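Residues per chain, in single letters:
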Amino acid sequence: MNIKPAKYWNIKKTPQKVEWRSLGINDDRKVFSCCDFDNKIFGNISVNIKDYWDGFGRWVIELKNSLDKLMGYEIVLMEKDSHNFMGNMIEVLDDYRRKGYGFGEILRLFSVMLMNENKSKRFEIYSRGSAVYFHSKYKFVPYITRYSERDDTLNMIAKDKSAAFRDLAVRAKELIEMEKKNNIDFIRRMFNETNKLVQEYIELAAQEPKPEKTHPFNFGLPMVLTDKNLYKNKKFYNELYTKYGLDYSI
Ligand SMILES: CC(C)(COP(=O)(O)OP(=O)(O)OC[C@H]1O[C@@H](n2cnc3c(N)ncnc32)[C@H](O)[C@@H]1OP(=O)(O)O)[C@@H](O)C(=O)NCCC(=O)NCCS
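Residues numbered from 1 in each chain as written. Predicted model: local features only at pLDDT ≥ 70, side-chain atom pairs only at ≥ 80, totals over all residues.

1. Things to note about the overall build of the chain
- A count of helical and extended segments in the chain gives eight helices and 13 strands.
- Computed over C-alpha atoms, the radius of gyration of the chain comes to 20 Å, within 12% of the 18 Å expected from 2.2 N^0.38 for 250 residues, which places it in the range of a compact globule.
- The principal-axis extents of the C-alpha atoms in the chain amount to approximately 60 × 45 × 30 Å.
- Across the 250 residues of the chain, 27% fall into the buried class.
- Sequence separation of at least 24 residues holds for 58% of the intrachain contacts in the chain that already meet a minimum separation of 6. (Helix = DSSP H or I, 4+ residues; strand = E, 2+ residues; numbered from the N terminus. Rg over C-alpha atoms; globule rule 2.2 N^0.38 Å. Buried ≥ 20, exposed ≤ 12 C-beta atoms within 10 Å, placed from the backbone. Contact = placed C-beta atoms within 7 Å.)

The following block contains the structure:
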C-alpha cells in the first residue's frame, strides 16, 4: 500500500494508547489526550488539542517540540450536535514541511481519529490547489458542488495534453459540450460525473512522482472523507497508526 517507514522517528516498542475524554454532560464530543513522539532530529514532539483562540468554537491540533515551539497545526471545527467535521487549515511550518519528516501525516492521523471517535459522517475540507494530492493520499475525494469549480476543473482536465490523460480529457470535453445542451437532468448528474472524473484524474496523476508539478491544480478544490470511505481504507489508516507506534485502529 506504499507506506514509507518512519525514517525520522524512534518508535516505542510498546505502542502508546490514545486516551479520550468527553467535553461535558451537555457535550458528548470527545477529544484526545496524548501523545509524544521521539524525532531523531528534533527530539520530543508532542501533540495536543485545545480551543482555537478566535472564539468560534474551533479546535487546534498542535505539534510542538520540547521548547514549546510550534512545528505544525490543524484547525478543525466539529459541530456540537451533528458532529459534522470540517478541517479549516492544516499547515506544517516552512522549515519542516515536504522534507519527509511526516509532520503533516501525523496531524492528519489525529484529525481522522477525531472524526472516527466522534462518529462523524463526513470530514470536509477546502483544499488549496497545491495540497490536493496530499489530501488525496489520505483518501479525501473531490466534492465539487459549485458551478465555477466544476467548470474550472473540467477545463483544466480538457486541456491536459499528456498522452496517458487523453481519454480523461475527451470525457471532460464531452461533459462541457453536454452542459451547453442545457438538459436539466443531465446538469444535475453533471456534478457527480465531474467528481468521478476529477477523482480518476487525481488517481492517474498520483502514479507520477510529483503530480503537483506535472498535473497541478491552480485553484482550490472542496474535498471530503466520508465515514464509508474511511472504513473502506481502514487497513491503510491502521498501518499508519502502527507506523508511528500508536495503539489505535479505525
Ligand atoms: C500540506 C502540508 C500540511 C503537508 O505536510 P508535510 O509535513 O509537508 O507532509 P509530510 O511530510 O507528512 O508528507 C506526507 C506525504 O504527503 C506528501 N505530500 C506532502 N505535501 C504534499 C503536497 N503538497 N502535494 C503532494 N504530496 C504531498 C509527501 O510527499 C508524503 O508522501 P510519501 O509518504 O509518499 O513520501 C505542508 O506541506 C504544508 O503546510 N503546506 C503549506 C500549507 C498548505 O498548503 N496547507 C494545505 C491547506 S489545504
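2. Section: the site of the ligand
- Neighbouring the ligand are 21 residues; Arg-97, Gly-104, Glu-105, Ala-131 and Phe-134 lie closest to it.
- Counting only elements with at least two residues in the shell around the ligand, the list comes to strand S9 (85–92), helix H1 (103–117) and helix H2 (132–137).
- For the shell around the ligand, the element with the highest residue contribution is S9, accounting for four residues.
- Taken together, the residues that form the shell around the ligand break down as eight nonpolar, five polar and eight charged. (Near = placed C-beta within 6 Å. Nonpolar A, V, L, I, M, F, W, Y, C, P; charged D, E, K, R; others polar.)

3. A short note on the sheet that holds strand S8 (residues 70–78)
- One open sheet accounts for nine strands, arranged S1-S5-S6-S7-S8-S9-S10-S12-S11; its pairing is mixed. Each edge of the open sheet is held by one strand with a lone partner, namely strand S1 (9–10) and strand S11 (141–142).
- Bridge analysis of strand S10 (residues 122–127) against strand S12 (residues 221–226) gives six bridges, and the strand direction is antiparallel. Residue pairing across strands places Ile-125 opposite Met-223, the latter belonging to S12. (Pairing = 2+ DSSP bridges.)

4. A few points about helix H3 (residues 147–158)
- Spanning twelve residues, H3 covers 16 Å between terminal C-alpha atoms, matching the ideal 16 Å at 1.5 Å per step.
- Those residues of H3 that sit buried are Glu-149, Arg-150, Thr-153, Leu-154 and Ile-157. Each buried residue of H3 sits inside an arc of 125 degrees when the element is viewed along its axis, so together they form one side. Residues Tyr-147, Ser-148 and Asn-155 are exposed on H3 and point more than 90 degrees away from its buried face.
- Taken together, the buried residues of H3 touch helix H4 (166–180), helix H5 (184–205) and S12. (Expected span 1.5 Å × (residues − 1). Arc of directions from axis to C-beta.)

5. Concerning the domain arrangement of the chain
- If you check the domain split of the chain, you get domain 1 (1–128 + 220–250) and domain 2 (144–215).
- If you average the C-alpha positions of domain 1 and of domain 2, the two centres end up 31 Å apart. (Domains from an automatic or database assignment.)

6. Topic: the nonpolar core
- Formed by 47 residues in total, the largest nonpolar core has its most connected members in Leu-63, Phe-103, Ile-106, Leu-107, Phe-110 and Val-112.
- Ranked by residue count, the leading element in this core is H1, at nine residues.
- Shared between two domains, this core takes at least three residues from each, and those domains are domain 1 (1–128 + 220–250) and domain 2 (144–215).
- Apart from residues lying up to four places away in sequence, Ile-106 is in contact with Val-47, Leu-63 and Tyr-244. (Core = buried A, V, L, I, M, F, W, Y, C linked by C-beta atoms within 7 Å.)

7. Focus: the environment of Ser-162
- In this fold, Ser-162 is placed in the loop between H3 and H4.
- For the pair Ser-162 and Ser-111, spaced 51 residues apart in the sequence, the C-alpha separation amounts to 35 Å.

8. Comments concerning the pairing of S10
- Along S10, the buried face is formed by Phe-123, Ile-125 and Ser-127; none of Arg-122, Glu-124 and Tyr-126, which line the opposite face, is buried.
- Relative to S10, S9 runs parallel, the two sharing three bridges. Residue pairing in the sheet places Phe-85 in a bridge with Phe-123 of S10.
- Following the chain from S9 across H1 to the adjacent parallel S10, one finds a crossover that is right-handed. (Right-handed = clockwise from strand over helix to strand, strands pointing away.)

9. Some thoughts on unusual backbone geometry
- In this model, Cys-34 is joined to Cys-35 through a cis peptide bond whose omega is -5 degrees.
- Secondary-structure assignment places Cys-35 in the loop between strand S4 (27–33) and strand S5 (36–39).
- In this model, Asp-68 sits at a positive phi of 70 degrees, which is unusual for a non-glycine residue.
- Residue position: Asp-68 is located in the loop between strand S7 (59–65) and S8.
- A count of 8 C-beta atoms within 10 Å places Asp-68 in the exposed class.

10. Concerning the packing of H3 against H4
- Here H3 crosses H4 at 140 degrees, and the two axes come no closer than 7 Å. When the axes of H3 and H4 are compared, the pair comes out oblique. For the element pair H3 and H4, the recorded crossing hand is left-handed. Every residue of H4 that contacts H3 at Leu-154, Ile-157 and Ala-158 is listed here: Leu-168, Ala-169, Ala-172, Lys-173, Leu-175 and Ile-176.
- Among the residues making up the contact of H3 with H4, the classes are represented as eight nonpolar, no polar and one charged. (Axes fitted to C-alpha atoms, helices over the stretch in contact; angles between N-to-C directions. Parallel < 35°, antiparallel > 145°, perpendicular 65-115°, else oblique. Left-handed = near helix turned anticlockwise from the far one by under 90°.)

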